[in-house]
Amino acid sequence: MTETTFKQHLEAISVLQWVLTFLIMGFSFALLFIYLMFTSLWIIPVVYGTWLFFDWNTPEQGGRRFDWVRRWTVWKHHRDYFPIKMVKTVDLSPERNYVFGYHPHGIICAGAFSCFSTEATDFTTYFPGIRPCLATLAGLFRLPVYRDYIMSAGMCPVSKPSLQYLLSRNGTGNAVVIVVGGAAESLNCSPGQHQVTLKNRKGFVRLALENGADLVPVYAFGENEIFQQVIFEEGTWKRSLQLKFQKYIGFAPCLFKGEGLLSNKIWGLLPYRKSITTVVGRPVSVTRITKPSEEEVNKYHILYMEALKKLFNEHKVSCGLPESHELAIV
């Protein structure tokens, strides 16, 4: 086995463990603890459950991040698999707080995880004094052990109490990263498509106004290329089932296809090796308004959309898209 082949295997294993961790780790530990309750090892889930009771609100109070977890070597192999890189356009002052809007969602937010939940792309080197916190489904922080794992990477629940705490009670230099399109956007992502669900998403703008946090558009070129998805037509029972999951569970189950661990010619859970370039744009300056009106929210929402389109147009050619390609906002 050559050194290059060995490195490729390391990269593939690093990405596979990340995918499997996202898909099954939380539920696996929940089932394991239930099972252990009926064995001689019952003391383990009892002790953990007692500690969990007292630690229940930690995710919504700034979390518990560990820089050494964010700097694990495995994340560098994860980065190199695609590869993923981050592009900085301007400096960000550590005297301000920020709401990053990440687009598009894709299937699994690979670019967002690598750039904002690890140091594989050197976020703190590019933006000294800024602490990124990737916001994800609040329900994931109710799953035993998995909650602690994702908190250690600096993730937080995408809930108002959690985001308000970070932006108003945690000092300055905080960057809350919100994948604005969410589950609805993931249902429509496919290779070659650059469409974001944003036209009616204004909650993140209101959050920024209430806390005086600058809005930062972020676009990940290539995020939609790493999986192929079966997209069901509107009105079919399969689409309806996805929408019901989205409404009641908070995420939408996607039928996606990647490549296998041993061969890229067979179906698998590994993403395709497609480069992802995450561009962090220029902030939209925001003045704090404790109770913003609809007109004020709409004003900054329009400014944000214009900034995102400008960011897309300025970097699309360097990221491999033709000059004629336009970003669709729905």
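Structural data are supplied above this passage.
Residues numbered from 1 in each chain as written. Predicted model: local features only at pLDDT ≥ 70, side-chain atom pairs only at ≥ 80, totals over all residues. Heavy atoms only, no water.

Q: Even after reading the chapter, I still don't get the overall build of the protein chain, so can you show me in this structure?
A: When helices and strands are counted, the protein chain shows twelve helices and twelve strands. C-alpha atoms of the protein chain, sized along the principal axes, occupy 60 × 50 × 45 Å. Residues counted as buried form 50% of the 330 residues belonging to the protein chain. Pairs at least 24 residues apart make up 77% of the contacts formed inside the protein chain by residues separated by at least 6 positions. (Helix = DSSP H or I, 4+ residues; strand = E, 2+ residues; numbered from the N terminus. Buried < 20%, exposed > 50% of the residue type's maximum accessible area, 1.4 Å probe, protein only. Contact = heavy atoms within 4.5 Å.)

Q: Is there a simple way to think about the nonpolar core in this case?
A: Note on soluble globular proteins: their nonpolar side chains tend to be buried together. If you look at the biggest cluster of nonpolar residues, it comprises 51 residues, and the most contacted ones within it are Phe100 and Phe116. Aside from chain neighbours lying at most four places away, what touches Phe116 is Arg70, Met86, Phe100, Tyr102, Phe123, Pro132, Val177, Val218, Thr278 and Val280. By size, the runner-up hydrophobic cluster in this structure holds 36 residues, among which are Val279, Ile289, Val297 and Tyr304. (Core = buried A, V, L, I, M, F, W, Y, C linked by side-chain atoms within 4.5 Å.)

Q: Honestly, the pattern of salt bridges in this entry has me stumped. Any pointers?
A: Pairing of side chains with opposite charge becomes possible as their charged atoms draw close. Scanning all chains against the criterion turns up 14 salt bridges. Two residues, Lys7 and Asp80, come together in a salt bridge whose shortest N-O distance is 3.1 Å. Here the residue Lys7 occupies a position in helix H1 (residues 3-36), and Asp80 occupies one in helix H4 (residues 73-81), the gap between them amounting to 73 residues. Judged by its relative accessible area of 26%, Lys7 is partly exposed. The partly exposed category is assigned to Asp80, whose relative accessible area is 27%. Where Glu119 meets Arg70, a salt bridge forms, and the shortest distance between an N and an O atom there is 3.1 Å. Within this pair, whereas Glu119 is found in the loop between helix H5 (110-116) and helix H6 (123-126), its partner Arg70 is found in helix H3 (residues 67-70), the two being separated by 49 residues in sequence. (Salt bridge = Lys/Arg side-chain N within 4 Å of Asp/Glu carboxyl O.)

Q: When you look at the sheet that holds strand E11 (residues 276-280) in this model, what are you seeing that I'm missing?
A: For sheets, the rule is that strands pair by backbone hydrogen bonds, running either parallel or antiparallel. Taking strand neighbours across the sheet as the criterion, the seven strands line up as E1-E11-E7-E2-E5-E3-E4 in an open arrangement whose pairing is mixed. Every interior strand has two partners, whereas the edge strands, strand E1 (84-88) and strand E4 (156-157), have only one. Of the strands in this sheet, E1, strand E2 (98-103), strand E7 (214-221) and E11 are in contact with helix H12 (residues 294-315), which crosses E7 at around 35°. (Pairing = 2+ DSSP bridges. Axes fitted to C-alpha atoms, helices over the stretch in contact; angles between N-to-C directions.)

Q: Could you clarify how one ought to interpret unusual backbone geometry in this entry?
A: Glycine aside, negative phi is the norm for most residues, and most peptide bonds take the trans geometry. Residue Pro83 is reached from Phe82 by a cis peptide bond, and omega for that bond is 0°. With respect to the element layout, Pro83 can be found in the loop between H4 and E1. For the peptide bond that leads from His103 to Pro104, omega is -15°, which places it in the cis range. Relative to the helices and strands, Pro104 resides in the loop between E2 and H5. Positive phi, close to 60°, is recorded for Asp122, a residue that is not glycine. Here Asp122 is to be found in the loop between H5 and H6.

Q: Before we go on, may I ask you to explain helix H10 (residues 203-211) in this structure?
A: Side chains that are three or four residues apart share a direction in an α-helix, a result of its 3.6 residues per turn. Judged by how many residues are buried, H10 sits mostly within the fold: seven of nine residues are covered. Lining the buried residues of H10 we find E2, helix H8 (160-168), strand E5 (174-179), E7 and H12. Just downstream of H10, Gly212 is the residue with a positive phi angle, here 65°.

Q: Mind showing me how you'd approach the sheet that holds strand E8 (residues 228-230) here?
A: Ordered in space as E8-E9-E10, the three strands form an open sheet in which the pairing is antiparallel. Each edge of the open sheet is held by one strand with a lone partner, namely E8 and strand E10 (267-268). Across three bridges, E8 lies against strand E9 (residues 255-259) in antiparallel orientation. Looking across to E9, one finds that Val230 is bridged to Leu255.

Q: Sorry if this is basic, but what is going on with the environment of Ala138 here?
A: Looking at the secondary structure, you find Ala138 in the loop between strand E3 (131-136) and helix H7 (146-152). By relative accessible area, which is 29% here, Ala138 ends up partly exposed. Along the backbone, Ala138 and Pro59 are 79 residues apart, and their C-alpha atoms lie at a distance of 8.8 Å. When residues no more than four places from it in sequence are discounted, the contact partners of Ala138 are Pro157 and Val158.

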